[in-house]
Amino acid sequence: MKGSTLASDKLSVVVRVDVDGEQIQIAATGRVTTSSLQGLYPVVQRTKGLGGGLGVEMDLSQATIDPDALDQLQGYAALHAVPVRLAAEPANVTALPSRSLQTASRAA
């Protein structure tokens, strides 16, 4: 059913440029999944391209991150030299069932 997913399941991204022009921050809220990462990666690449050599950081401290997405994200961040900020405690990394499992359980 359209609109039945919780708002927190949607990934929302805001790109912030430091006033001094030293760093660009990509802040995300909502739920980070392996699927939503496929939409986040191009944002990171475009931001790095537009930044003119400025440092780019992903701030996921306000997002909920699935464990498999965290593994993928750490590999991407290391490969592309993009720091990732998580919450001070890894409480935002959850072991939620995948969307396909949630959808199947709702249909039952």
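As a reminder, the structure under discussion sits directly above these lines.
These numbers were taken from a predicted model, which means no experiment stands behind them. (Residues numbered from 1 in each chain as written. Predicted model: local features only at pLDDT ≥ 70, side-chain atom pairs only at ≥ 80, totals over all residues. Heavy atoms only, no water.)

A.B. asks: Tell me what's going on with the overall build of the protein, and back it up with residues and numbers.
C.D. replies: Broken down by element type, the protein carries 3 helices and 4 strands. From first element to last, N terminus to C terminus, the protein shows the α and β order β-β-α-β-α-β-α. With 108 residues in all, the protein has 32% of them scored as buried. Partitioning the intrachain contacts of the protein with sequence separation of at least 6 by distance along the chain shows that 68% fall at a separation of at least 24. (Helix = DSSP H or I, 4+ residues; strand = E, 2+ residues; numbered from the N terminus. Buried < 20%, exposed > 50% of the residue type's maximum accessible area, 1.4 Å probe, protein only. Contact = heavy atoms within 4.5 Å.)

A.B. asks: Describe a nonpolar patch on the surface, listing the residues and the values that go with them.
C.D. replies: Together, Val13, Val15 and Val17 make up a nonpolar patch on the protein surface, roughly 220 Å² of accessible area in all. Of note, Val17 is situated in strand S1 (residues 12-17). (Patch = residues over 30% accessible without salt bridge, like charges linked within 9 Å, V, L, I, M, F, W, Y side chains within 5 Å. Areas by Shrake-Rupley, 256 points an atom, 1.4 Å probe, with all protein chains shown as cover. Salt bridge = Lys/Arg side-chain N within 4 Å of Asp/Glu carboxyl O.)

A.B. asks: Explain the side chain of Gln25 to me, and be specific about the residues and the numbers.
C.D. replies: Of note, Gln25 is situated in strand S2 (residues 23-32). Relative accessible area serves as the criterion here: at 15%, Gln25 is assigned to the buried category. Residue contacts for Gln25: discarding those within four places in its chain leaves Val14, Val15, Arg16, Glu57, Asp59 and Arg85.

A.B. asks: Lay out the sheet that holds S2 with the relevant residues and their values.
C.D. replies: An order of S1-S2-S3-S4 is seen for the 4 strands of this open sheet, with the pairing classed as mixed. Strands with a single pairing partner mark the edges of an open sheet, and in this sheet they are S1 and strand S4 (84-85). In this structure, S1 lies alongside S2, joined through 6 bridges in antiparallel fashion. The partner of Val13 across the bridge, within S2, is Ala28. Helix H1 (residues 34-50) contacts S1, S2 and strand S3 (55-65) of the sheet and is inclined by roughly 170° relative to S2. In the packing of helix H2 (residues 67-80) onto the sheet, contacts are made with S2, S3 and S4, and the angle to S3 comes to roughly 175°. (Pairing = 2+ DSSP bridges. Axes fitted to C-alpha atoms, helices over the stretch in contact; angles between N-to-C directions.)

A.B. asks: Now, about the environment of Met58: what can you tell me, with residues and values included?
C.D. replies: Inspection of the secondary structure puts Met58 in strand S3. Sequence spacing of Met58 and Val82 is 24 residues, and the spatial spacing of their C-alpha atoms is 7.1 Å. Excluding residues within four positions of it along the chain, Met58 makes contact with Ile26, Leu40, Val44, Leu73, Tyr76, Val82, Pro83, Val84 and Arg85.

A.B. asks: I'd like a description of the pattern of salt bridges, backed by residues and values.
C.D. replies: Counted by the stated rule, this structure contains 3 salt bridges. The residue Glu57 makes a salt bridge to Arg85 at a minimum N-O spacing of 3.2 Å. Linking Glu57 in strand S3 with Arg85 in strand S4, this pair joins segments that are 28 residues apart in sequence. Among the ionic pairs, Arg85 bridges to Asp59, the shortest N-O distance being 3.9 Å. Residue Arg85 is found in strand S4, and its partner Asp59 is found in strand S3; the two are separated by 26 residues along the sequence. Relative accessible area serves as the criterion here: at 38%, Arg85 is assigned to the partly exposed category. The class for Asp59 is buried, based on a relative accessible area of 10%.

That's the geometry; what it means functionally is another story.
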